[in-house]
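Next come the chains, spelled out residue by residue.
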Protein chains: 2
Amino acid sequence: MLTIGQLARYVGVSTKTVRVYHAKGLLPEPGRDASGYRRYPAQAVVDLLRIRTLADAGVPLARIRDLTPANLGTELKQIDADLATRIKQLRAIRARLRELAGGELRFLPAEVDDHLDGLPALGFSARWIAMERDLWIILYATQPDLADTFFRDQTQSLTDPALRDLYLASDQAHDLDPTDPELEALADRIVAASIERYGTEPPGMSSTDPTIHQLLQGAVNDSSPAWQRLDTMIRGRLGRHGVTGV
Amino acid sequence: MLTIGQLARYVGVSTKTVRVYHAKGLLPEPGRDASGYRRYPAQAVVDLLRIRTLADAGVPLARIRDLTPANLGTELKQIDADLATRIKQLRAIRARLRELAGGELRFLPAEVDDHLDGLPALGFSARWIAMERDLWIILYATQPDLADTFFRDQTQSLTDPALRDLYLASDQAHDLDPTDPELEALADRIVAASIERYGTEPPGMSSTDPTIHQLLQGAVNDSSPAWQRLDTMIRGRLGRHGVTGV
DNA sequence: CTGCAACCTTGCCCTTAGGACAAGGTCAAC
DNA sequence: GTTGACCTTGTCCTAAGGGCAAGGTTGCAG
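Throughout this description, residue numbers start from 1 for each chain and increase along the sequence as written. Each chain gets a letter, beginning with A, and each ligand a number, beginning with 1, in the order they are written. This being a predicted model, a pLDDT of at least 70 is required before a residue's local features are given, and a value of 80 or more before pairs of side-chain atoms are given or counted; all residues contribute to the totals for chains, interfaces and linings. Hydrogens and water are ignored here; the side-chain numbers use all heavy atoms of the structure.

A word on helix H2 (residues 15-23) of chain B
What sets the pattern is the α-helix's 3.6 residues per turn: residues three or four places apart point alike.
Residue and element names in this part refer to chain B.
Then, number 1: Restricting attention to buried positions, one finds in H2 the residues Thr 17, Val 18, Tyr 21 and His 22. When H2 is viewed along its axis, its buried side chains cluster within an angular range of 145° and face the same direction. Structural note: H2 exposes Lys 16 and Ala 23 on the side pointing more than 90 degrees away from its buried face.
Then, number 2: In this fold, the buried residues of H2 make contact with helix H1 (4-11), helix H3 (43-56) and helix H4 (61-65).
Then, number 3: Runs of E in the DSSP output that reach at least two residues are strands. Runs of H or I that reach at least four are helices, and both are numbered from the N terminus. Gly 25, located one to two residues past H2, shows a positive phi value of around 80°. Partly exposed describes any residue whose relative accessible area lies between the buried limit of under 20% and the exposed limit of over 50%, with all areas from a 1.4 Å probe on protein chains only and scaled to the type maximum. Arc, as used here, means the arc of the directions from the helix axis to the C-beta atoms. Whether two residues touch is decided by their heavy atoms; if any such pair falls within 4.5 Å, the residues are in contact.

Thoughts on the packing of aromatic side chains
Then, number 1: Two rings belonging to Phe, Tyr or Trp (six-membered ring only in the last case) form a pair when the distance between their centres is within 6.5 Å. Interplanar angles under 30 degrees mark stacking, angles over 60 mark edge-to-face geometry, and anything in between is tilted. Counted under the stated rule, the structure contains four aromatic pairs over all chains.
Then, number 2: Ring centres of Trp 136 of chain A and Phe 151 of chain A lie 5.5 Å apart, and the angle between their planes is 85°; on these two criteria the pair is classed as edge-to-face. Placement of Trp 136 of chain A in helix H7 (residues 126-142) and of Phe 151 of chain A in helix H8 (residues 144-157) is noted, with a sequence separation of 15 residues between them.
Then, number 3: Assessed through its relative accessible area of 0%, Trp 136 of chain A is described here as buried.
Then, number 4: Here Phe 151 of chain A falls in the buried class, since its relative accessible area comes to 6%.
Then, number 5: Plain terms: the ring middles of Phe 124 of chain B and Trp 128 of chain B are 5.7 Å apart, the flat faces sit at 25° to each other, and that makes the pair stacked. Accessibility classification places Phe 124 of chain B together with Trp 128 of chain B in one group, the buried group.

Overview of the pattern of salt bridges
Then, number 1: Salt bridge criterion: a side-chain nitrogen from Lys or Arg within 4 Å of a carboxyl oxygen from Asp or Glu. A full pass over the atoms with the stated rule returns 21 salt bridges over all chains.
Then, number 2: Across the pair Glu 29 of chain A and Arg 32 of chain A runs a salt bridge, and its minimum N-O distance is 3.5 Å.
Then, number 3: Owing to a relative accessible area of 47%, Arg 32 of chain A belongs among the partly exposed residues under this scheme.
Then, number 4: Between Asp 80 of chain A and Arg 94 of chain B there is a salt bridge whose closest N-O contact spans 3.1 Å. Taken together, the positions of Asp 80 of chain A in helix H5 (residues 69-102) and Arg 94 of chain B in helix H5 (residues 69-102) put the pair across two chains.
Then, number 5: One salt-bridge network, in which partners are shared between bridges, spans Glu 29, Arg 32 and Arg 38 of chain A.

Brief notes about the domain arrangement of chain A
Residues and elements named next belong to chain A.
Then, number 1: With domains assigned, chain A is organised as domain 1 (1-67), domain 2 (68-105) and domain 3 (110-240).
Then, number 2: Residue ranges for the domains originate in an automatic or database domain assignment. Computed from C-alpha atoms alone, the centre-to-centre distance between domain 1 and domain 2 is 27 Å.
Then, number 3: At the interface, seven residues of domain 1 touch nine residues of domain 2.
Then, number 4: For the pair domain 1 and domain 2, the summed buried area comes to about 620 Å², and 64% of that belongs to carbon and sulfur atoms.
Then, number 5: Once two parts are put together, the accessible area they lose, assessed with a 1.4 Å probe and summed over both, is termed the buried area. The largest share of the area that domain 1 buries against domain 2 comes from Ala 57, Arg 63 and Leu 67, three residues that together contribute 72% of it.
Then, number 6: For the pair domain 1 and domain 2, the number of links is one salt bridge.
Then, number 7: Two N or O atoms count as a polar contact when they lie within 3.5 Å, although within protein this holds only if one can serve as hydrogen donor and the other as acceptor, and sequence-adjacent residues are included solely when both atoms are side-chain atoms. In this structure, the connection of domain 1 to domain 2 is made through three residue pairs in polar contact (both at pLDDT 80 or more).
Then, number 8: Residue polarity follows a fixed list, in which Ala, Val, Leu, Ile, Met, Phe, Trp, Tyr, Cys and Pro are nonpolar, Asp, Glu, Lys and Arg are charged, and the others, Gly among them, are polar. For the side of domain 1 that touches domain 2, a count of residues per class yields four nonpolar, no polar and three charged.

If you want it as structure tokens, here you go:
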């Protein structure tokens, strides 16, 4: 008959751990000897090893407690599957860690930084560039592949003088009064150009989660009442979809 | 500029998590808008993703907070190494889980059960058999290979009539008075047989952790004052080592 | 205009699986 | 007989949030 300390050392846990398992009903309280010490049969070693194996696998104690011979088989299958996905996750995290170690502090691909660096020469305001930079950061941080698609489209758009002027006009519209009729005209031109370039759907939007688009749009609208008005008008003309200008 | 909910959804965490990171100093508190809402720059998305990557790797938040560009390199190397060992552990646990699923409820190898089943016919008491069974369970649960060595030795011992009589005499000694001179004589016979069979060291003991032996011995001694006395005498004659009878 | 749903704010308590420590009783060894 | 290593119960503490309450905001719909 073992004392609690002996039992614990056998299995490689602390005595507190054993007492916790008693309190939670995982391990039956054994009898006491004359001086009130717990005395364990050898079976307790087996029980405790079983509990530790499951606990090490990440199974919550409450779930271990509720295991019965009846549900054991299916539960174990589930636990094993969870463990397999956990291992896969950890491997993915390791890969991400290495990126973090390698490309320290560079959140945007070099081409994007180059693109942003070239914008002042084209006549874009510092405010516009800062906002566009933020949008690229969010997009690349959360959806790198989609961001790449957008980015290629964007750089290509800027080679067309008509489209470039449209972007510049949007930039300048930031400080217009929201009721300025200029905005109406600008919205018309943007819608026409958008339809000509993409059809009735902005690029990439139909195939992806709409919330990200809404978030981007919200961030843009926040910075200027005129832009917000512009967005409202464009959405009215294109039917339910906004255009971020990116 | 993002609200806390937008930021959280981008990165896939709860708003509470973001607030906790503020409280713990991992993420700087951003400015507030007119109504007191937190407003985040895009940079916060990048910061938060970095924190989550590390947290997902199992790094405690306090340690993430204390990362500086100076110690980042070495820390990341350490974290990656920890992650690698963690993955290895999980794979080992998976293997143990499968054992648990396969050999449900059988804690002793079939030969050991057979051996125990044969003991009553040889004249061993139920008490002795129960005790021996417990010892095998503990030994197999914690040190299967050592247990196998011992077991093979034990079954072989029982084929020798002289040794078998010695075990039977030990069994019966359980109820003797601790001062009975019989014990003295029995101790002498056990020591002689032990030295003849193993030399001055009990088998396997010299090469292994002594604590396991002491625990086994303690468990045996507890059940009878006579056995305890017997153990003391044997240890005196063999010099510091006990004999478990197994 | 008013209501409602979906946000945001702070503050508080709850959870898991134990660790740490206190104050007292026990055991074995020198 | 005292010392050190055990055991007992009870209490508080931890990490990383979850959940809820009570109140203020915002945006959209009728």
